[in-house]
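Working through the structure, step by step
The chain contents come next:
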Amino acid sequence: MKTNLIIRPYQIEDCKHLCPLYAQLGYPVSVKGLEKRLSKLLTHDDYHFWIAAIDEYPVGFIGFARMYMFEADVDYVRILALVVDKDYRRKGIAAALIEKVKQFAKESGVESL
């Protein structure tokens, strides 16, 4: 993994860099469309969207939500979206994103991912 990798919360300025990542997932979207979508999603306290950036440039992201099980009385975290730019794959970035979500879950008292 690159040593200058940081994982941070999404900022609206990221949208222009995230559109190509969405396209790599097979979900092309415009900058304005993505801004609208994420603004709506992230008004919910249980939804989170983090960016993997190298030298401040977004190269991946992970979106997840804290949810409550129907079949048990516990919360869990569900990963809803995960992508790393094709030019940055196989460098441990996805693993770092997932590890960060695991850390969030543990700190939030959630035992299941």
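Just so it is clear, the model here is predicted, and its values are computed rather than measured. (Residues numbered from 1 in each chain as written. Predicted model: local features only at pLDDT ≥ 70, side-chain atom pairs only at ≥ 80, totals over all residues. Heavy atoms only, no water.)

Observations concerning the pattern of salt bridges
With the rule as written, the count across this model stands at four salt bridges. Lys86 serves as the salt-bridge partner of Asp87, at 3.7 Å between the closest nitrogen and oxygen. (Salt bridge = Lys/Arg side-chain N within 4 Å of Asp/Glu carboxyl O.)

Considering the layout of surface pockets
Any space left empty among the atoms is revealed by the rolling of a water-sized probe across them. The computed volume of the largest pocket comes to approximately 290 Å³. Tyr22, Leu41, Phe49, Leu80 and Ala81 are, among the 15 residues lining the largest pocket, the residues nearest its centre. Elements supplying a minimum of two residues to the lining of the largest pocket: helix H1 (15–25), helix H2 (31–41), strand S2 (47–54), strand S3 (57–68) and strand S4 (75–84). Class assignment of the residues belonging to the lining of the largest pocket gives a composition of twelve nonpolar, two polar and one charged. (1 Å grid on protein atoms, 1.4 Å probe; cavity = no way out; pocket = protein on both sides within 12 Å on 5 of 7 lines; lining within 4 Å. Points joined across faces, edges and corners; volume = space filled by probe spheres on them. Helix = DSSP H or I, 4+ residues; strand = E, 2+ residues; numbered from the N terminus. Nonpolar A, V, L, I, M, F, W, Y, C, P; charged D, E, K, R; others polar.)

Some words on the sheet that holds S3
Taken together, four strands build an open sheet; the order of strands is S1-S2-S3-S4 and the sheet is antiparallel. For this open sheet the edge positions go to strand S1 (5–9) and S4, each flanked by a neighbour on one side alone. Each adjacent strand pair in this sheet contributes to an overall mean axis angle of 25 degrees, direction not counted. When S2 meets S3, the two strands line up antiparallel, connected through eight bridges. By the bridge assignment, Ala53 is partnered in S3 with Pro58. Sheet strands in contact with H1 are S2, S3 and S4, and its direction is about 70 degrees off that of S3. (Pairing = 2+ DSSP bridges. Axes fitted to C-alpha atoms, helices over the stretch in contact; angles between N-to-C directions. Contact = heavy atoms within 4.5 Å.)

Remarks on helix H3 (residues 93–107)
The terminal C-alpha atoms of H3, which comprises 15 residues, lie 21 Å apart, in line with the 21 Å expected from a rise of 1.5 Å per residue. Among all positions of H3, only Ile93, Ala96, Leu97, Val101, Phe104 and Ala105 are buried. (Expected span 1.5 Å × (residues − 1). Buried < 20%, exposed > 50% of the residue type's maximum accessible area, 1.4 Å probe, protein only.)

Topic: a nonpolar patch on the surface
A contiguous nonpolar patch, built from Leu41, Leu42, Tyr47 and Leu80 and spanning about 300 Å² of accessible area, is present on the exposed surface. One can find Leu42 in the loop between H2 and S2. For Leu42, a relative accessible area of 31% translates into the label partly exposed. (Patch = residues over 30% accessible without salt bridge, like charges linked within 9 Å, V, L, I, M, F, W, Y side chains within 5 Å. Areas by Shrake-Rupley, 256 points an atom, 1.4 Å probe, with all protein chains shown as cover.)

Some thoughts on the pairing of S2
Regular strands show a simple pattern: their side chains alternate between the two faces of the sheet. Within S2, six of the eight residues are buried, leaving the element largely enclosed by the surrounding structure. Bridge analysis of S1 against S2 gives five bridges, and the strand direction is antiparallel. When the bridges of S2 are listed, Pro9 appears paired with Trp50. Here S2 folds back onto S3 in antiparallel fashion, the turn holding two residues, of which Asp55 has a positive phi close to 50 degrees.

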